[in-house]
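# Examination of the molecular architecture
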Amino acid sequence: MEIRGRPGHRLLIFDTPQAVWQKAAGLFAGAAAQAIAARGCFTTALAGGSTPRGLYQLLAAGKDGQCIAWEKIYIFWGDERCVPPAHTDSNYRLAYDALLSKVAVPGHNIFPMYTGNEPPAAAAAAYEQKLVRFFGLRAGKAPAFDLILLGLGQDGHTASLFPGSAAVSESRALVTASYVRARGGYRLTLTLPVLNAASRIIFLVTGEDKAAVLAALVAGRSGTMPAGLVRPAGELLILADKQAARALPE
Ligand code: 6PG
């Protein structure tokens, strides 16, 4: 279904989280094949949290029904907790354990956001320079990722853009570091200019604890909800299971 007031942005509802991940895996593989055919490479920023794990496991198992040219894929992250890569809270570790350790993506194609001991602000600046160099960005330009995967928090955050944080209103930097009181730690995140420059955004939303926030997002009642500010000129898909969609109007 179309999302009110957002032409080209769609919500797709599935019976189970597994069906959400299966659809996402097919879209990931399709977007990769399309970008690689057109430009010889595919750039993506992975989501953190717990929801994407099922998707990463499907991609690792090659269950997307397509052969992915992992050697032509470049892996970034949408956000990261400022913890060592081996920490159980690390979004890098989530993707490494579920996917990157199981597919033939070259190490030099993987760009972790946080390596574990640098000050958060320095890590954000360093990651921004990695983006500038990799994408060959002129001053003031944001990189156009082929695909950015995002989750949705119950409070409407996405990546590590939390309600009320300065990161949400950042309009110049590509990456920012901030202390997230609600999570008791520092986070790095891509900023909205980067999210909104993406060719395609896919939100993965599962579980009844996301029903209220998803209903607000889809109904356009998102106000200043960070996830509601993700409005790329390109395609935006919300893939939700029935539990997360239970508060939507029939
Ligand atoms: C993170 C994520 C964050 C996540 C949402 C949803 O680092 O935690 O980037 O934005 O996507 O909090 O998390 P769940 O998938 O665990 O519900």
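Residues numbered from 1 in each chain as written. Predicted model: local features only at pLDDT ≥ 70, side-chain atom pairs only at ≥ 80, totals over all residues. Heavy atoms only, no water.

## Brief notes about the sheet that holds strand 10 (residues 235-241)
Quick reminder of the rule: Whether two strands pair comes down to DSSP finding at least two bridges between them. Helical segments are the DSSP runs of H or I of at least four residues, strand segments are the runs of E of at least two, and each set is numbered from the N terminus.
Taken together, seven strands build an open sheet; the order of strands is 1-2-10-9-6-3-4 and the sheet is mixed. Edge strands, defined here as strands with exactly one partner in the open sheet, are strand 1 (2-3) and strand 4 (73-77). As paired strands, strand 9 (residues 200-205) and strand 10 are joined by six bridges and run parallel to one another. Bridging across to strand 10, F203 finds its partner in I238.

## Structural notes on helix 3 (residues 91-100)
Operational definition: Categorising residues by exposure relies on relative accessible area from a 1.4 Å probe, with only protein chains included: less than 20% of the type maximum marks a residue as buried, more than 50% marks it as exposed, and the intermediate range marks it as partly exposed. Working rule for contacts: check all heavy atoms of both residues, and any pair within 4.5 Å makes them a contact. Two N or O atoms count as a polar contact when they lie within 3.5 Å, although within protein this holds only if one can serve as hydrogen donor and the other as acceptor, and sequence-adjacent residues are included solely when both atoms are side-chain atoms.
Of all the ten residues making up helix 3, seven are buried; the element is thus mostly covered by neighbouring parts of the structure. In the core, the buried residues of helix 3 are packed alongside strand 3 (42-46), helix 2 (53-61), strand 4 and strand 5 (79-81). N-capping of helix 3 is provided by S90, with a side-chain oxygen placed 3.1 Å from the backbone N of Y92.

## Description of the site of the ligand
Counted only if it meets this: Working definition: residue near molecule or strand if any one of its non-hydrogen atoms lies within 4 Å of it. The Shrake-Rupley method, run with a 1.4 Å probe, gives the accessible areas here. Residue values count only the displayed protein chains as cover. Residues are grouped as follows: nonpolar covers Ala, Val, Leu, Ile, Met, Phe, Trp, Tyr, Cys and Pro; charged covers Asp, Glu, Lys and Arg; every other residue, Gly included, is treated as polar.
In the vicinity of the ligand there are 14 residues, among which S50, T51, H157, A159 and K210 approach most closely. Here D79 contributes a side-chain N or O atom positioned 2.7 Å from an oxygen atom of the ligand. Between the ligand and the protein, one listed contact pairs an oxygen atom with a side-chain N or O atom of R81 at 2.7 Å. Starting from 420 Å² of accessible surface for the ligand in isolation, the protein chains cover 89%. Looking at side-chain class alone, the shell around the ligand contains two nonpolar, eight polar and four charged residues.

## As for the pattern of salt bridges
Side chains that differ in sign of charge can pair as their charged atoms come close. Quick note on the threshold: What makes a salt bridge here is a side-chain nitrogen of Lys or Arg within 4 Å of a carboxyl oxygen of Asp or Glu, nothing more.
If you walk through the whole model with that rule in mind, you get seven salt bridges. In this structure, K242 and D15 form a salt bridge, with 3.5 Å as the shortest nitrogen-oxygen distance. Highlighted residues: K242 in the segment after strand 10 and D15 in the loop between strand 2 (6-14) and helix 1 (17-39), separated in sequence by 227 residues. When its relative accessible area of 47% is taken as the criterion, K242 is described as partly exposed. Via salt bridges that share partners, R10, R200 and E235 belong to a single interconnected network.

## Quick word on the sheet that holds strand 8 (residues 185-190)
By way of backbone hydrogen bonds, the strands of a sheet pair with one another, either parallel or antiparallel. The criterion, for reference: For helices, the fitted line uses only the C-alpha atoms of the stretch in contact; every axis is such a line through C-alpha atoms, and the angle between N-to-C directions lies from 0 to 180 degrees.
On the basis of which strands lie adjacent, the open sheet formed by three strands has the order 5-8-7 and antiparallel pairing. Strand pairing shows two members of the sheet lacking a second neighbour, strand 5 and strand 7 (175-180), which therefore form its edges. For this sheet, the mean inter-axis angle between neighbouring strands, taken without regard to orientation, is 20°. The pairing of strand 5 with strand 8 spans three bridges and is classified as antiparallel. Within strand 8, the position partnered with E80 by the bridge is L188. Across the sheet, helix 4 (residues 120-135) touches strand 7 and strand 8, and the angle it forms with strand 7 is around 155°.

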